[in-house]
Amino acid sequence: MKVTTAQILSIFVIVIMLASVIGVSFIGWGDKEDSDALPTVDYKEPDIKEAYYADLNGIIKERSDEILIIADTNELDITKLDNSIRDLSLVKYIISSNYNTENSKIAYVANIKLKEKEYDMNFIESLNNTFETYQLYPTQILSFTNPIHMVAKDSNKTLDYDLGYTELKIITETSTLENDSITARFEVMLQKGIPIQIFAYEVYNFSAQPILFSNEKDVDILDLSLETNIYAPDVNVSEDLVKTYFSDYNYEIIPDNNINYTKITTTEANDKVGLFLQDYNSFKATKSGKIFVNSIDYNSQTYTYDQNVDVIVPYDLNPEIPTRFTISGYLYRGEIVQVFAYVK
């Protein structure tokens, strides 16, 4: 169950917000002799609360020992659900729990204190046995800088405010790690211009995004195929046409209606393939091969790879001469997770 921003705000109301208190005042009347006199009333300006939000960047400092569990349920007795949570060996106690009925579904929401900051697969297995579907949201310490720029939710009013501290416990995704650079949303309730409630959660993790890199290198081609692939722009390729150029039926015609072209594979010499392409220049011919990529440079840092990468090259490329390739791919958390290359 993926929790939306709206649901998180609903959880905020359930877990964090205090109940509103409505005050009722009674006015005392004077004696009958003073019935024409106006009653004396001490006017007190109402405590108006204002809702603001602030999006700010920060660094995850460390994980806390609290987690938020949101689980789909049909159980209407919350004490049973609480007891099932308390029975888990890693749980120290339940900070708060309640139901969320948004979108006509019943979700059990529990803020839990753990005995340790980290949980293992045994804890996950215990939750799997307790709930059919659920989501875990760790709480972690966010380090940020002041002032924070806040925007009123019901107007264009803005406010820069120094909270007086630079660390706050926020709800994050399970994949978020220590030292990650993230954006967090602060939901702030002001009263008389002073924050009385703050609820914060992760909205974007810069560190968890794959980084696209690109290098250019002169590289030797390995394992160049003997077979040439000729791609025809039409699904109907005449065999009579092909065998005029490629003798002894040294070819195969492979139609592929899904991508609307025909592939001709042949082991004929490059000069015969070249003659065919001269007469039919709308056709393209390539060979497959490999290159060895030992490392990748990105942002003044070298990342080791040491693997072969499949490449497609022109059919007449000379494998004895190093070829300039554009080598691209993705880095994720300091590791190369994908590499692909093409002839420059």
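Residues numbered from 1 in each chain as written. Predicted model: local features only at pLDDT ≥ 70, side-chain atom pairs only at ≥ 80, totals over all residues. Heavy atoms only, no water.

Caption draft 1: Fine view of the overall build of the protein. When helices and strands are counted, the protein shows five helices and 17 strands. Residues classed as buried in the protein amount to 37% of the 344 residues present. Considering only residue pairs separated by 6 or more positions, the protein has 68% of its internal contacts joining residues 24 or more positions apart. Total accessible area computed for the protein in this model is approximately 21,000 Å², and 48% of it derives from carbon and sulfur atoms. (Helix = DSSP H or I, 4+ residues; strand = E, 2+ residues; numbered from the N terminus. Buried < 20%, exposed > 50% of the residue type's maximum accessible area, 1.4 Å probe, protein only. Contact = heavy atoms within 4.5 Å. Areas by Shrake-Rupley, 256 points an atom, 1.4 Å probe, with all protein chains shown as cover.)

Caption draft 2: Up close: the pairing of strand E15 (residues 301-314). Two strands pair when backbone bridges link them, and strand E14 (residues 284-298) and E15 are joined in this way by twelve bridges, in the antiparallel orientation. In the strand pairing of E15, lysine 287 is matched with valine 313. As consecutive antiparallel partners, E14 and E15 are separated by two residues, and within that stretch asparagine 299 has a phi angle of approximately 55 degrees, a positive value. (Pairing = 2+ DSSP bridges.)

Caption draft 3: Seen up close, unusual backbone geometry. In the segment running from asparagine 146 into proline 147, the intervening peptide bond is cis, with an omega of -5 degrees. Checked against the element boundaries, proline 147 lands in the loop between strand E4 (134-143) and strand E5 (148-152). Although it is not a glycine, asparagine 179 adopts a positive phi angle of roughly 75 degrees. With respect to the secondary-structure elements, asparagine 179 resides in the loop between strand E7 (167-171) and strand E8 (181-191). For asparagine 179, a relative accessible area of 55% translates into the label exposed. Within the chain, serine 300 stands out as a residue other than glycine whose phi angle is a positive 65 degrees. On the secondary structure map, serine 300 appears in the loop between E14 and E15.

Caption draft 4: Up close: the pattern of salt bridges. Evaluation of the coordinates by the stated rule reveals 17 salt bridges. Between lysine 157 and glutamate 50 there is a salt bridge, with its nearest N and O atoms 3.3 Å apart. Of this pair, lysine 157 sits in the loop between E5 and strand E6 (158-161) while glutamate 50 sits in strand E1 (residues 49-72), and the two are 107 residues apart along the sequence. Classification of lysine 157 as partly exposed rests on a relative accessible area of 43%. Assessed through its relative accessible area of 29%, glutamate 50 is described here as partly exposed. Arginine 63 is paired through a salt bridge with glutamate 118; the nearest N and O atoms lie 3.6 Å apart. (Salt bridge = Lys/Arg side-chain N within 4 Å of Asp/Glu carboxyl O.)

Caption draft 5: Layout of the packing of aromatic side chains. Following the criterion strictly, the structure yields 13 aromatic pairs and no others. A centroid spacing of 5.6 Å and a plane angle of 40 degrees characterise the contact between phenylalanine 246 and phenylalanine 276, whose relative ring orientation is tilted. With phenylalanine 246 in the loop between helix H4 (239-245) and strand E12 (251-256) and phenylalanine 276 in helix H5 (residues 270-279), the pair connects residues that are 30 residues apart, well separated along the chain. For the pair formed by phenylalanine 246 and phenylalanine 276, the shared burial category is buried. Plain terms: the ring middles of tyrosine 280 and phenylalanine 283 are 6.1 Å apart, the flat faces sit at 70 degrees to each other, and that makes the pair edge-to-face. (Phe/Tyr/Trp six-rings, centres within 6.5 Å; stacked < 30°, edge-to-face > 60°.)

Caption draft 6: Just a nonpolar patch on the surface, in detail. A cluster of nonpolar residues, Val203, Tyr204 and Phe206, forms a patch on the protein surface that exposes about 270 Å² of accessible area. Structurally, tyrosine 204 can be placed in strand E9 (residues 194-205). Judged by its relative accessible area of 37%, tyrosine 204 falls in the partly exposed class. (Patch = residues over 30% accessible without salt bridge, like charges linked within 9 Å, V, L, I, M, F, W, Y side chains within 5 Å.)

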